Amino acid sequence: MATIYTNIYSNTRKTWLLMTTFLVLVIFLGYIFSLVLNSPVVLYIAVAISLLMNFSGYWFSDKIALSLSGAKQASREEYFEFYNLVENLSITAGLPMPKIYVIEDKAPNAFATGRDKDHSSVAVTSGLLSILNKKELEGVVAHELSHIGNRDILLSSIVVVLVGFVSIASDLLVRILFWGGRDNSREDTGAGALVTIAGVVLAIFAPIFASLIHLAISRKREFLADASGVLLTRYPEGLASALEKIGSYSGPMVRASGATAHLFISSPFGAKMNSGISRLFMTHPPIEERIKALREKSF
């Protein structure tokens, strides 16, 4: 059975595995680019970019995620009750006070990000603050603080940078292949045709691979964060009721992005991700299952 401690170890292992996989994938993409363009220097550039992206993913992924979401840092003066609530729960959890941010968006949602507990942030939407009562807001904040305590945030934040880059690189390769970016001076041999075909296949499947990385970040982490959050508040109904209100809002967030979707407590794309084939690519377990687990305490 998964526990907080096995989850911490698993997340640390997954983070290094993800960064290594990304390093190999980008170098491979660079190799394909170099063959298609008949330019070995492209491979050297890919190696440099992969190292740079891993570095920036570790150190700056939280800032990138906050920027993509349009989050603005909140002051104690402007959000006095919310600030104090986060501060009190952080003390209860034995965590340093994270920076807190507010996203101007009617869709109720929240996420935590950062590379470790000493460099963490919690962001909520203005819509969340407007529809939740204190107990419900405590449940959501406790859930996000649990992601920080369980070391989910580094893995989740790095994915924002790495997956986004893979998608951009694959799109660039498609454009090069279809708009005459190849070096036409070399003979159009069978080998050259195979390289082109391989490039097209890779360009098509790289975004799918990126989606699978999203799914590789286990949905069970949400159940564990729910359970860990309840241990902080001692009030499962607070989070259960908050999830009901969040789930009842059908509209997407204004700045919903596939790169940051897995960070949020609920899908930022709204109800359209809860039906049909979209359910296969959900980065979160269905809200109704989480509510049932909270109310039945079946974590």
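Sequence order sets the numbering: in each chain, residues are counted from 1 along the sequence as written. Only residues with pLDDT of at least 70 get local features here, since the model is predicted, and only at 80 or more are side-chain atom pairs given and counted; chain-wide, interface and lining totals rely on the full set of residues. The side-chain quantities take in all heavy atoms of the structure and omit both hydrogens and water.

### Things to note about the pattern of salt bridges
One side-chain nitrogen of Lys or Arg within 4 Å of one carboxyl oxygen of Asp or Glu is enough to make a salt bridge. Applying the stated rule across the entire model yields six salt bridges. The salt bridge partner of Arg76 is Glu87, with a shortest N-O separation of 3.3 Å. Taken together, the residues span a long stretch of sequence, with Arg76 in the loop between β1 (71-73) and α3 (80-93) and Glu87 in helix α3 at a distance of 11 residues. The class of Arg76 is partly exposed, set by a relative accessible area of 29%. Look at the salt bridges and you will find they share partners, linking Glu222, Asp226 and Arg290 into a network. Comment: elements are numbered from the N terminus, with helices defined as DSSP H or I runs of at least four residues and strands as E runs of at least two. Classification of residues uses two cut-offs on accessible area relative to the type maximum, computed with a 1.4 Å probe and protein chains only: under 20% is buried, over 50% is exposed, and between them is partly exposed.

### Quick word on the nonpolar core
Side chains that are nonpolar tend, in soluble globular proteins, to be buried together. Nonpolar cores are built from buried Ala, Val, Leu, Ile, Met, Phe, Trp, Tyr and Cys residues. Side-chain atoms within 4.5 Å join them into one set. One finds Phe82, Leu128, Val140, Val141 and Leu145 to be the most contacted residues of the largest nonpolar core, which totals 33 residues. Contributions of two or more residues to this core are made by α3, β2 (99-103), β3 (110-116), β4 (119-125), α5 (134-149), α8 (220-233), α9 (236-248) and α10 (287-296). Looking at this core, the element that brings in the most residues is α5, giving six residues.

### Comments concerning the sheet that holds β4
Pairing between sheet strands relies on hydrogen bonds along the backbone, with the strands arranged either parallel or antiparallel. Strands were regarded as paired on the criterion that DSSP finds at least two bridges between them. One open sheet accounts for four strands, arranged β1-β2-β4-β3; its pairing is mixed. For this open sheet the edge positions go to β1 and β3, each flanked by a neighbour on one side alone. Neighbour-to-neighbour, the strand axes of this sheet turn through a mean angle of 25 degrees, independent of strand direction. Across three bridges, the pairing between β1 and β2 is antiparallel. Its bridge partner being in β2, Lys72 is matched across the sheet by Val102. Contacts between residues were defined by any pair of non-hydrogen atoms, one from each residue, lying within 4.5 Å. Fitting a line to C-alpha atoms yields each axis, with helices limited to the stretch in contact; the angle taken between N-to-C directions then spans 0 to 180 degrees. Relative to the sheet, α5 contacts β3 and β4, its axis offset from that of β3 by approximately 25 degrees.

### Concerning the packing of aromatic side chains
Pairing of aromatic side chains requires ring centres within 6.5 Å, counting the rings of Phe and Tyr and the six-membered ring of Trp. Pairs whose planes differ by under 30 degrees are stacked, by over 60 edge-to-face, and all others tilted. Inspection of the entire model under this criterion finds one aromatic pair. Aromatic pair Phe111 and Phe264: ring centres 4.9 Å apart, planes at 65 degrees, arrangement edge-to-face. Of the two residues, Phe111 is situated in strand β3 and Phe264 in the loop between α9 and α10; the sequence distance between them amounts to 153 residues. Relative accessible area serves as the criterion here: at 0%, Phe111 is assigned to the buried category. By the criterion adopted, a ring carries a charge over it if an Arg CZ or a Lys NZ lies within 6 Å of its centre and within 35 degrees of its normal. When the ring centre of Tyr235 is taken as origin, the NZ or CZ atom of Lys135, which lies over that ring, is 5.9 Å away.

### A look at the packing of α8 against α10
Interaxial distance between α8 and α10 falls to 11 Å at its minimum, and their mutual angle equals 35 degrees. Between α8 and α10 lies a crossing whose hand is right-handed. For the pair formed by α8 and α10, the contact residues are Glu222, Phe223, Asp226 and Val230 on the first element and Glu289, Arg290, Ala293 and Leu294 on the second. When residues are sorted by character, Ala, Val, Leu, Ile, Met, Phe, Trp, Tyr, Cys and Pro go into the nonpolar class, Asp, Glu, Lys and Arg into the charged class, and all the rest, Gly among them, into the polar class. In terms of residue class, the contact of α8 with α10 is made up of four nonpolar, no polar and four charged. Here a crossing is called left-handed whenever its near helix is offset anticlockwise from the far helix by less than a right angle, and right-handed whenever the offset is clockwise.

### A few points about a nonpolar patch on the surface
Judged by side-chain polarity, Leu52, Phe55, Trp59, Phe60, Ile64 and Leu68 come together as a nonpolar surface patch covering roughly 560 Å² of accessible area. Within the element layout of this structure, Leu68 appears in helix α2 (residues 41-69). When its relative accessible area of 38% is taken as the criterion, Leu68 is described as partly exposed. Only residues whose relative accessible area exceeds 30% and that form no salt bridge are eligible for patches; like-charged ones are grouped when within 9 Å, while nonpolar side chains (Val, Leu, Ile, Met, Phe, Trp, Tyr) are grouped when within 5 Å. Reported accessibility uses the Shrake-Rupley method at a 1.4 Å probe radius. Residues are deemed covered only where the shown protein chains occlude them.

Read these as geometric descriptors, not functional statements.
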